[in-house]
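So the chains spell out like this:
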Amino acid sequence: MNDMTKVADYVFVPEPTPTIPVAGSDKLFPVRRIYCVGRNFAEHAIEMGHDPDKEPPFFFQKNPDSIVPPGKDVPYPTETSDLHHEIELVVALKSGGTDIAPEDALDHVYGYGVGLDMTRRDLQGQAKKMGRPWETGKSFEASAPCSAIHPVSEVGHPAQGAIRVSVNGELRQEGDLNQMIWKVPEMIAYLSRLFELRPGDVIFAGTPAGVGKVERGDVMTGHVEGVDEITFRIV
Ligand code: MN
């Protein structure tokens, strides 16, 4: 809703803007779009059957209302029997634009978080096989659990450090942010040539090797060194 519109101008009350809490504050980060980068860690590209030297990373989107804020449970989604975790660094933008130069890109970052790109791997696999879009595999309800956003003033711009996720205490995925094929500034620059980036856009920056299945009752504990730790239960 902009300044010129009132609830009465709509034919029904609009849904609220999806938000993520800001760490150390009672403010909320309003989410406009969610971009995700695919195959941004070589070992994960290999485990998914691709050659990271031949195929550059690429982007897809999730819906802003797929965010699950910290403290909430993740409902097991419909129409899948192969729900996977993908632990990722989350980059939250305070400003945007088009044709952003890599050297200016970090000026647009408000902060960072830790997220899970939850994936209906069976539906994604069918889509890949049939040359169809990935939405059903990636963009479903509650598919983007996320920590609070930590402002750059608190965490800087993390470019190295452990990224991992355990399920019920058992380590599943582990990597280092320094293994990302596309670094955050390159990612922002590239995205800004394809789309006009705006304040509130967030980027899920890709996952290391070790993706795997979760079931109802499982507890996922994700960690990005120097950013945050998250715990989400599948219900
Ligand atoms: Mn992912």
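Cut-offs used in this document
All residue numbers refer to positions counted from 1 along the written sequence of the respective chain. Given that the model is predicted, a residue must reach a pLDDT of at least 70 before its local features are reported, and side-chain atom pairs must reach 80 or more before they are shown or counted; all residues, however, enter totals for whole chains, interfaces and linings. Values shown for side chains rest on all heavy atoms present in the structure; no hydrogens or waters enter the calculation. Comment: elements are numbered from the N terminus, with helices defined as DSSP H or I runs of at least four residues and strands as E runs of at least two. When we talk radius of gyration, it's over C-alpha atoms, and the globule rule is simply 2.2 Å times the number of residues to the 0.38. The contact criterion used is simple: two residues touch if any of their non-hydrogen atoms lie within 4.5 Å. Only four residue types enter the tally: Lys and Arg on the positive side, Asp and Glu on the negative side; His and the chain ends are excluded. Every charge is mapped to an atom, namely NZ of Lys, CZ of Arg, CG of Asp or CD of Glu. Between buried and exposed lies partly exposed: a residue is buried under 20% and exposed over 50% of the maximum accessible area for its type, with that area taken using a 1.4 Å probe on protein chains only. The working definition used for a salt bridge is a side-chain nitrogen of Lys or Arg within 4 Å of a carboxyl oxygen of Asp or Glu. Counted as a polar contact is a pair of N or O atoms within 3.5 Å, where, for protein atoms, one must be capable of donating a hydrogen and the other of accepting one, and residues adjacent in sequence contribute only when both atoms are in side chains. One bridge is not enough; two strands pair if DSSP finds at least two bridges between them. Every axis in this analysis is a line fitted to C-alpha atoms, fitted for helices over the stretch in contact. Angles between the N-to-C directions lie between 0 and 180 degrees.

Engineer: What is the right way to read the overall build of the chain from this model?
Structural biologist: In terms of regular secondary structure, the chain is built from six helices and 17 strands. Relative to the 2.2 N^0.38 estimate, which gives 18 Å for 235 residues, the radius of gyration of the chain is 17 Å and therefore close to what a compact globule would have. Summarising its shape, the C-alpha atoms of the chain cover approximately 50 × 40 × 40 Å along the three principal directions. Across the chain, every contact between residues at least 6 apart in sequence was considered, and the portion connecting residues at least 24 apart equals 74%. When the 23 positive and 35 negative side-chain charges of the chain are each reduced to one mean point, those points stand 4 Å apart.

Engineer: Sorry, what's going on with the side chain of arginine 120 here?
Structural biologist: In this structure, arginine 120 sits in strand 9 (residues 119–120). As a buried residue without a salt bridge, arginine 120 has its nearest oppositely charged side chain in aspartate 122, at a separation of 6.3 Å. Here threonine 78 takes part through its backbone oxygen, which lies 2.7 Å from a polar atom of the side chain of arginine 120.

Engineer: Could you clarify how one ought to interpret the pairing of strand 16 (residues 219–224) in this entry?
Structural biologist: Taken residue by residue, a regular strand's side chains alternate between the two faces of the sheet. Counting buried positions along strand 16 gives five out of six residues, so the element sits mostly inside the fold. For strand 12 (residues 162–167) and strand 16, the ladder comprises five bridges, and the chain directions are antiparallel. Bridge pairing links serine 166 to threonine 221 in strand 16. Here strand 16 runs beside strand 17 (residues 228–233); their pairing, made up of six bridges, is antiparallel. Each bridged residue has a counterpart across the sheet, and for histidine 223 the counterpart in strand 17 is glutamate 229. The hairpin turn running from strand 16 into strand 17, its antiparallel successor, is three residues long, and glycine 226 in that turn takes a positive phi close to 80 degrees.

Engineer: Is there a simple way to explain the sheet that holds strand 12 in this structure?
Structural biologist: Backbone hydrogen bonds hold the strands of a sheet together, and the pairing may be parallel or antiparallel. Strand order in the open sheet formed by four strands is 13-12-16-17, with antiparallel pairing between adjacent strands. Because the sheet does not close on itself, it has two edges, and the strands there are strand 13 (170–176) and strand 17. Pairwise comparison of adjacent strand axes, ignoring direction, gives a mean angle of 10 degrees for this sheet.

Engineer: Is there a simple way to explain the sheet that holds strand 14 (residues 202–204) in this structure?
Structural biologist: Taken in spatial order, the six strands line up as 4-3-14-7-8-11 in an open sheet, and their pairing is mixed. The sheet is open, and its two edges are formed by strand 4 (58–62) and strand 11 (150–151), each paired on a single side. Looking at chain direction, strand 3 (residues 34–38) and strand 4 are connected through five bridges and run antiparallel. Residue pairing for strand 4: valine 37 is matched across the bridge by phenylalanine 59.

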